[in-house]
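An overview of the molecular structure
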Amino acid sequence: MSKIFIRRAALAALSVAVLGLLGWALWPQPVPVDIATIERNTLEINVEDEGVTRVREVYAISAPTVGKMLRTTVEVGDLVIAGETILSVFEPSDPAFLDIRTQRVNEAAVAAANASVRLAESQVKQAEAQLTFAQGELRRATELAPKQAISARELDKAQLDRATAEATLASAAATLDVRRRELESAQARLIQPGQAAGQETADGCCIQLRAPISGHVLKIVAKSEQVVQPGSTLMELGSPADIEIAVDLLSRDAVRVEPGATARIESWGGDAVLNARVRRIEPTGFTKISALGIEEQRVKAVLDFTDPREAWRRLGHGYRVVAKIAVWRGEDIAVVPLAALFRQGNQWAVFVVMDGRARLRLVEIGERTLHDARILSGLTAGEQVVLHPSDRIRADINVAPRR
């Protein structure tokens, strides 16, 4: 009887142990999660984009006339003095050779101009004769008018004829002057190379281009000896000590930036972060093709350094930088990591860890960066939220911090 009892007791104990192990295995285990604590911190919203440094006032030096430019002796980076440094020397070019057709056309134009001059001279002589006759008529009419030998109308007519004759003579003289200038122009078109005269400068040789400002040579477009056209850009001058930053912002970002906003300049090559301030947002946008071939509307923002010159003296004209412009800043506000947020219908939500369980809570957020968001309602500082909630996380499920 005792053996049977012992056997039954052992079987009962074994059954209880098996059931206990089975219950423990089937009992839901806490889901390991990453947890973050809501803190009060400073949140700053920035607009970030690439920019380039540039000299504020760039002076483009251009060719004053058609001529042969001699080889430039200055180099990029050289210091130039206003009114003293010779940037380039020009030899005025001879006129081009005339082909047979052009020469015959120009010779015919000279002959026609000569004929026009002779015609104008004859018109002047005719006008002089008419004026002499009108003056005589007026003189006779003036003598007869007191004797009432002629009417007052005839006297007025004589005065009118003289005035008309004077105007005709003046017109003929002006026409003669025009025809003579046309003759000179036609004769000038017949000048061949080597026949030009009176084109030398005061020093008897060339035209010297001197620096209009004191600064440095930023860029040389034409260095070797060559024939240039008037208005062709030869080089650019400026002062590297007077530098600004031009940033091409997306138009949707530019509308958020205000003149006077602070900015940080990074990735410029130095160890320190430079400080700058927005001076101007240009009112006109432009289309720019991105590296992916996408058309983007950009707006140029101009920034000034606020640090001393010594901090950014290694920057020059056309250097690449990255500008972070502050558009909003909040002090001592509750922030939540973006990794904790997810959409619940049309609202934002988080899982708050309370008593080892994940509680679903709807929240309202404001400004946000790439990492954090401002909490407007739904969370307070000190509460803990689940980061990167997976599909295993549901409301009221047991959770535990991941080791």
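Preceding block: the structure.
Analysis parameters
- Residues numbered from 1 in each chain as written.
- Predicted model: local features only at pLDDT ≥ 70, side-chain atom pairs only at ≥ 80, totals over all residues.
- Heavy atoms only, no water.
- Helix = DSSP H or I, 4+ residues; strand = E, 2+ residues; numbered from the N terminus.
- Rg over C-alpha atoms; globule rule 2.2 N^0.38 Å.
- Buried < 20%, exposed > 50% of the residue type's maximum accessible area, 1.4 Å probe, protein only.
- Areas by Shrake-Rupley, 256 points an atom, 1.4 Å probe, with all protein chains shown as cover.
- Lys, Arg positive; Asp, Glu negative; His and termini not counted.
- Charge placed at Lys NZ, Arg CZ, Asp CG, Glu CD.
- Expected span 1.5 Å × (residues − 1).
- Contact = heavy atoms within 4.5 Å.
- Polar contact = N/O pair within 3.5 Å; in protein donor to acceptor, adjacent residues only side chain to side chain.
- Salt bridge = Lys/Arg side-chain N within 4 Å of Asp/Glu carboxyl O.
- Pairing = 2+ DSSP bridges.
- Axes fitted to C-alpha atoms, helices over the stretch in contact; angles between N-to-C directions.
- Parallel < 35°, antiparallel > 145°, perpendicular 65-115°, else oblique.
- Left-handed = near helix turned anticlockwise from the far one by under 90°.

This brings us to the overall build of the chain. Helix and strand counts for the chain stand at four helices and 21 strands. Its C-alpha atoms give the chain a radius of gyration of 46 Å, more than 25% over the compact-globule value 22 Å for 403 residues. Seen through its principal axes, the chain has C-alpha atoms that stretch 180 × 65 × 45 Å. Each of the 403 residues in the chain was classed as buried or not, and the buried ones make up 31%. For the chain, the accessible surface area stands at approximately 25,300 Å², while carbon and sulfur atoms represent 53% of it. Side chains of the chain give 50 positive and 51 negative charges; the mean places of these two sets differ by 9 Å.

One non-glycine residue, D332, lies in positive phi territory at about 55 degrees. By the secondary structure assignment, D332 is in strand β15 (residues 320–337). Classification of D332 as partly exposed rests on a relative accessible area of 47%. Residue D355 is not a glycine yet carries a positive backbone phi of 55 degrees. Among the secondary structure elements, D355 is positioned in the loop between β17 (347–354) and β18 (357–368).

The next thing to look at is helix α2 (residues 100–144). Taking 1.5 Å of rise per residue, 45 residues should cover 66 Å, and α2 covers 66 Å from first to last C-alpha, within 8% of that figure. The complete set of buried residues in α2 reads N106, V110, A113, V117, A120, V124, A127, L131, A134, G136, L138 and A141. On its buried face, α2 is in contact with α3 (152–188). Among the residues of α2, the N-terminal cap falls to D99, whose side-chain oxygen and the backbone nitrogen of R101 are separated by 3.1 Å.

Turning our eyes to something else, we now look at the pattern of salt bridges. One pass over the structure, following the stated rule, counts 32 salt bridges. Of the charged contacts, one joins E383 and R361 as a salt bridge, the two residues approaching to 2.8 Å between their closest N and O atoms. With a gap of 22 residues between them, E383 in the loop between β19 (372–377) and β20 (384–387) and R361 in strand β18 connect regions that are remote in the sequence. The network of salt bridges with shared partners includes E44, R264, E266, K324, R329 and E331.

Let us now look at the sheet that holds strand β10 (residues 233–238). Within the open sheet, the four strands sit side by side as β3-β10-β8-β5. Their pairing is antiparallel. Edge positions in the sheet fall to β3 (59–62) and β5 (79–80), since each of these pairs with one other strand and no more. With four bridges connecting them, β3 and β10 associate as antiparallel partners. The residue bridging A60 from the neighbouring strand is E236, located in β10.

At a closest axis distance of 7 Å, the pairing of α2 and α3 adopts a crossing angle of 165 degrees. In terms of axis orientation, α2 runs roughly antiparallel to α3. In this structure, α2 crosses over α3, and the sense of that crossing is left-handed.

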